[in-house]
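Residues per chain, in single letters:
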Amino acid sequence: MNLSILVPLLVSVITAATPLLLAATGELVVERAGVLNLGVEGMMLVGAICAFAAMFITGSPILAMLAGAAAGAVLSALFGVLVLTLASNQVATGLALTLFGLGLSALMGANFVGHPIVPLAKLAIPGLSSLPVIGPLLFSHDALVYLSVLMTGAVGWFLNHTRGGLILRGVGESDTSAHSIGHDVIRIRYYAVLFGGAMAGLGGAYLSLAYTPMWVEGMTAGRGWIALALVVFAAWRPWRVLAGAYLFGGVTVLQLYAQGSGFVLVPTQFLTMLPYLATIVVLTLMSSGSVRSRLAAPACLGKPFRPVS
Amino acid sequence: MTILIPRRTFLVGSATAAAAMTVGQEARAAGPVKAAWVYVGPVGDFGWSYQHDLGRKAVEAALGDKVKTSFVEKVAEGPDSERVIRQLAGVNDIVFTTSFGFMNPTERVAKQFPKVKFEQATGYKTGANFAEYNARFYQGRTVAGTLAGLLSKKGVAGYVGSVPIPEVVMGINAFTIAARKINPNFQTKVIWVNAWFDPGKEADAAKSLIDQGADFINQHTDSPAVVQTAEARGVMAVGEASNMQNFGPKAQVTSNMDDWGPYYIERIKAVIDGTWKSQSVWLGMKEGAVAMAPYGPAVTPEAAAAADKVKAAIIAGTLDPFAGPIKNQKGELKVAAGQTIADADLQKMDWYVEGVQA
């Protein structure tokens, strides 16, 4: 395979990975704080339509991205009130959030179907973007691609090298201990949930602004679920989320290229189910004793917390 | 007038279904004919269900207060759809179910409501009060293939396929046969995305086809993503189901559009007149069910003339897109000269013609 195909192929992989990376990085923080939000798909959809509408009405990409993030955060705040303040079941509430987001985005988007917008601009970096091969590969993307990688780094640094990150992990590992030494568990979880919502919203915004600059109902087509699977696949580590997102994106795009070149070793249906298979494998490994200690999920994941004073 | 029925009211319970059943047995009262549609997708998909809903709106515009229409969207194929169809049967004179997977549920409900008319799209079963209708979308793909043969400089087209079923395979074949009549070396590269609807993946498939040398993209998927990608990459594309010109003002050469309006108007008129009869029809360009969007700027006058000629010949019945000789991928003769492929065999088509790379 020569460079003239390899470079666009890798650029397609980056495009395919970015929405997964944005949403999964957000969900990782939520889960590290001990909350399981299964509403990623719904938050992505609402983020996608709000970003699209803002772009369509104002023409400002910055406002559009902010609208996407804000919409995701608002929806996650609703989730927060239900599971954190009212201590409802996180799995059921998260599923309800996905269904709600699906319907809400369809309702909001009814008048935006069939209209194109200007895609998110590629940010050219003088000098670097014109380099052969690495120019188009690394330095000719839109803001959200750079942001997705930066945010992964920032989250990794925050979780592992800051006091705030330590507290957040503490809340996810043992809510009662964190509570007993004076941390406000509910408040910290609210922050995490809002961050997760904003990132899912951005992931959706990437779809409707850059990936396929349009609005159609249900356009995330299951990417929220893949993002959730990615967090498990990555064993709750930010850099592994990055690697996982590029791996999942890579498998998807690679199998399309393989079909186009008439070079198909395994049935395409098998490759389509690979991300889900990988997640099942990781979950199976995690349930075995020896691997468990190295891949362990946050101990309080999915458990409601009621502060007793 | 339109009555939007929220989905939930249909799922309330089977008790109401039993009550509704007795209503259905009564003869049609005077007043407007009540017609209902069941859609598999959202009306906002800008594709399949969107076009059926345009058909419903055409009925309203044409028949005014002689008809009262309603619809239920996003109905999953399977047991759930049977409940929806039964509820609609209780309060309507005619029910259109617009997806292949609604065939068996519709048949069962039709037996329980002998006075109500049922019509199901793209299936193959019929009954006394149960008709079937479909459209020969491959006719549009023959026109698109003619354009591809004339306009593609590289002689390589990309084809974004949804799910490998006969309906899609016959489209790929019709397209390739038509293009090879003009350019005998024409190649069609096929990529399956294994989904009816995933805009991102459809765009990725189009990108990889363009990267691998295709300068003309056709599709059998449901979103405008393919046309949009072609526009961004500066190649030609054919739209699907709707006119997608907005997404590819330069790229779209035409679009393979479904127009169900004329058929729906005719069938509801038949209910009003009391002349409705069960039937099984496969509509085409002649009946107006398959229509081509206006040609885009990339279409040269010669190509437009050639495409119009093919269109006219299909409508007149002088051109059969599947007339032999047709060879398969290995170069073996599958259809001899002077022969054609019967409708029943088209509906089971599971082989590619020469020139398809899949």
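Residues numbered from 1 in each chain as written. Chains lettered and ligands numbered in written order. Predicted model: local features only at pLDDT ≥ 70, side-chain atom pairs only at ≥ 80, totals over all residues. Heavy atoms only, no water.

Participant: Which residues make up the overall build of chain A, and what are the values?
Facilitator: Broken down by element type, chain A carries 14 helices and zero strands. Across chain A, helices and strands are ordered from the amino to the carboxyl terminus as α-α-α-α-α-α-α-α-α-α-α-α-α-α. With the C-alpha coordinates of chain A rotated into their principal frame, the extents come out at 65 × 50 × 40 Å. Burial statistics for chain A: of 309 residues in total, 54% are counted as buried. Of the contacts formed within chain A by residues at least 6 apart in sequence, a portion of 76% connects residues at least 24 apart. Entry remark: accessible area of chain A is about 12900 Å², with carbon and sulfur atoms responsible for 74%. Of the charged side chains in chain A, 13 are positive and 8 negative; the average position of the first set lies 10 Å away from that of the second. (Helix = DSSP H or I, 4+ residues; strand = E, 2+ residues; numbered from the N terminus. Buried < 20%, exposed > 50% of the residue type's maximum accessible area, 1.4 Å probe, protein only. Contact = heavy atoms within 4.5 Å. Areas by Shrake-Rupley, 256 points an atom, 1.4 Å probe, with all protein chains shown as cover. Lys, Arg positive; Asp, Glu negative; His and termini not counted. Charge placed at Lys NZ, Arg CZ, Asp CG, Glu CD.)

Participant: Give me the lowdown on the interface of chain B and chain A, citing residues and values where you can.
Facilitator: At the interface, 30 residues of chain B touch 33 residues of chain A. The tally of links between chain B and chain A comes to two salt bridges. A salt bridge links Lys-74 of chain B to Glu-217 of chain A; the shortest N-O distance between them is 3.6 Å. The interface formed by chain B and chain A holds nine residue pairs in polar contact (both at pLDDT 80 or more) in total. Broken down by secondary-structure element, the contributors of at least two residues to the side of chain B that touches chain A are strand E8 (187–192), helix H7 (199–211) and helix H8 (225–233) of chain B. In terms of residue count, the dominant contributor to the side of chain B that touches chain A is H7 of chain B (nine residues). Considering only residue class, the side of chain B that touches chain A consists of 14 nonpolar, eight polar and eight charged. (Salt bridge = Lys/Arg side-chain N within 4 Å of Asp/Glu carboxyl O. Polar contact = N/O pair within 3.5 Å; in protein donor to acceptor, adjacent residues only side chain to side chain. Nonpolar A, V, L, I, M, F, W, Y, C, P; charged D, E, K, R; others polar.)

Participant: Give me the lowdown on the layout of surface pockets, citing residues and values where you can.
Facilitator: Taken as a whole, the second largest pocket encloses approximately 630 Å³ of empty space. Together, 31 residues line the second largest pocket, and Lys-122, Ala-210 and Tyr-211 of chain A together with Lys-207 and Ala-232 of chain B are the ones closest to its centre. Of all the elements in the fold, those that place two or more residues in the lining of the second largest pocket are helix H1 (3–32) and helix H9 (185–211) of chain A together with H7 and H8 of chain B. By residue number, the principal contributor to the lining of the second largest pocket is H8 of chain B, which donates five residues. Considered class by class, the residues forming the lining of the second largest pocket number 17 nonpolar, nine polar and five charged. (1 Å grid on protein atoms, 1.4 Å probe; cavity = no way out; pocket = protein on both sides within 12 Å on 5 of 7 lines; lining within 4 Å. Points joined across faces, edges and corners; volume = space filled by probe spheres on them.)

Participant: Account for the nonpolar core, with residues named and values stated.
Facilitator: The nonpolar side chains of a soluble globular protein tend to be buried with one another. If you look at the biggest cluster of nonpolar residues, it comprises 112 residues, and the most contacted ones within it are Val-40, Leu-209 and Trp-215 of chain A together with Val-160 and Ile-217 of chain B. Those residues in contact with Ile-217 of chain B, other than ones at most four positions away along the chain, are Gly-158, Val-160, Ala-206, Leu-209, Ile-210, Val-226, Val-235, Met-236, Ala-237 and Val-238 of chain B. Of all hydrophobic cores here, the second largest spans 69 residues; its members include Trp-48, Tyr-138, Ile-265 and Ala-304 of chain B. (Core = buried A, V, L, I, M, F, W, Y, C linked by side-chain atoms within 4.5 Å.)

Participant: Can you lay out the confidence of the model for chain B for me, pointing to particular residues and giving the numbers?
Facilitator: Model confidence for chain B is summarised by a mean pLDDT of 89, while 92% of its residues fall at 70 or above. In the predicted structure, residues 5–27 of chain B sits below a pLDDT of 50 and forms 38 contacts with residues beyond four places in sequence or in another chain. (pLDDT = per-residue confidence, 0-100.)

Participant: So what about the pairing of strand E6 (residues 130–135) of chain B? Which residues, and what values?
Facilitator: Residues and elements named next belong to chain B. Across the six residues that make up E6, a large majority, six, are buried. Neither face of E6 is left uncovered, since the one carrying Phe-130, Glu-132 and Asn-134 and the one carrying Ala-131, Tyr-133 and Ala-135 both have all their residues buried. Bridge count between strand E5 (residues 117–121) and E6: four bridges; the pairing is parallel. Following the sheet pairing, Phe-118 is matched in E6 by Phe-130. As paired elements, E6 and strand E12 (residues 280–283) share four bridges and run parallel to each other. Opposite Glu-132, over in E12, you have Ser-280 as the bridge partner. (Pairing = 2+ DSSP bridges.)

Participant: Break down unusual backbone geometry for me, citing the residues and quoting the values.
Facilitator: Here Gly-324 of chain B and Pro-325 of chain B are connected by a cis peptide whose omega angle stands at 0 degrees. With respect to the helices, strands and loops of the structure, Pro-325 of chain B is situated in the loop between helix H10 (301–316) and strand E14 (326–327). The backbone of Trp-236 of chain A sits at a positive phi, close to 60 degrees, despite the residue not being glycine. Topologically, Trp-236 of chain A is positioned in the loop between helix H10 (223–233) and helix H11 (238–260). Despite not being glycine, Thr-122 of chain B shows a phi value in the positive range, around 65 degrees.

Participant: Break down the domain arrangement of chain B for me, citing the residues and quoting the values.
Facilitator: A common way to report how large an interface is uses the accessible area buried once the components associate. Residue and element names in this part refer to chain B. Looking at chain B, the domain boundaries give domain 1 (2–135) and domain 2 (138–257 + 290–357). The straight-line distance from the C-alpha centre of domain 1 to that of domain 2 is 32 Å. The interface of domain 1 with domain 2 comprises eight residues on the first partner and nine residues on the second. Between the two partners, domain 1 and domain 2, sit zero salt bridges. On the surface where domain 1 and domain 2 come into contact, there are one residue pair in polar contact (both at pLDDT 80 or more). Among the secondary structure elements, those contributing two or more residues to the side of domain 1 that touches domain 2 are helix H2 (48–63) and E6. For the side of domain 1 that touches domain 2, the element with the most residues is H2, which contributes three residues. When the residues that make up the side of domain 1 that touches domain 2 are grouped by side-chain class, the tally is four nonpolar, three polar and one charged. (Domains from an automatic or database assignment.)

Participant: Explain the packing of H10 of chain A against helix H13 (residues 274–286) of chain A to me, and be specific about the residues and the numbers.
Facilitator: All names here are of chain A. Close contact between H10 and H13 brings their axes to 9 Å; oriented N to C, the two are set at 35 degrees. The handedness of the crossing between H10 and H13 comes out as left-handed. Note on element contacts: H13 touches H10 through Pro-275, Tyr-276, Ala-278, Thr-279, Val-282, Leu-283 and Met-286, opposite Ile-226, Ala-229, Val-232 and Phe-233. (Axes fitted to C-alpha atoms, helices over the stretch in contact; angles between N-to-C directions. Left-handed = near helix turned anticlockwise from the far one by under 90°.)

Participant: Which residues make up the environment of Leu-63 of chain A, and what values do they have?
Facilitator: Residue and element names in this part refer to chain A. Inspection of the secondary structure puts Leu-63 in helix H3 (residues 61–85). For the pair Leu-63 and Ala-51, spaced twelve residues apart in the sequence, the C-alpha separation amounts to 7.8 Å. Setting aside residues no more than four positions away along its own chain, Leu-63 makes contact with Ala-54 and Thr-58.

Participant: Can you break down the sheet that holds strand E11 (residues 252–258) of chain B residue by residue, with the values?
Facilitator: Ordered in space as E13-E11-E10-E9-E7-E8-E16 (chain B), the seven strands form an open sheet in which the pairing is mixed. Lying at the two open borders of the sheet, with one neighbouring strand each, are strand E13 (290–292) and strand E16 (356–357) of chain B. The sheet contact formed by strand E10 (residues 236–241) of chain B and E11 of chain B spans five bridges and is parallel. Bridge pairing in E11 of chain B links Val-238 of chain B to Thr-254 of chain B. Contacts from H11 of chain A reach E8 and E16 of chain B within the one sheet, and its direction differs from that of E8 of chain B by about 155 degrees. The strands touched by H8 of chain B are strand E7 (156–161), strand E9 (216–220), E10 and E11 of chain B; relative to E10 of chain B, the strand with the most contacts, the crossing angle is about 165 degrees.

Participant: So what's going on with helix H7 (residues 163–173) of chain A? Residues and values would help.
Facilitator: Residue and element names in this part refer to chain A. Residues of H7 that are buried include every one of Gly-165, Ile-167, Leu-168, Val-171 and Gly-172, and no others. Burial along H7 is one-sided: seen end-on, the buried residues are contained in an arc of 160 degrees. Of the residues in H7, the exposed ones pointing more than 90 degrees away from the buried face are Arg-163 and Leu-166. At its buried positions, H7 is contacted by H1, helix H6 (143–161), helix H8 (175–180) and H9. (Arc of directions from axis to C-beta.)

Participant: Requested: an account of the pattern of salt bridges, with residues and values cited.
Facilitator: All names here are of chain B. Inspection of the entire model under this criterion finds 18 salt bridges over all chains. Among the ionic pairs, Arg-86 bridges to Glu-82, the shortest N-O distance being 2.8 Å. Of this pair, Arg-86 and Glu-82 both sit in helix H3 (residues 79–91), four residues apart, which is roughly one turn of the helix. Classification of Arg-86 by relative accessible area gives buried; the value is 16%. Residue classification places Glu-82 among the buried residues on the basis of a relative accessible area of 14%. With its nearest N and O atoms 3.7 Å apart, the salt bridge here joins Asp-308 to Lys-311.

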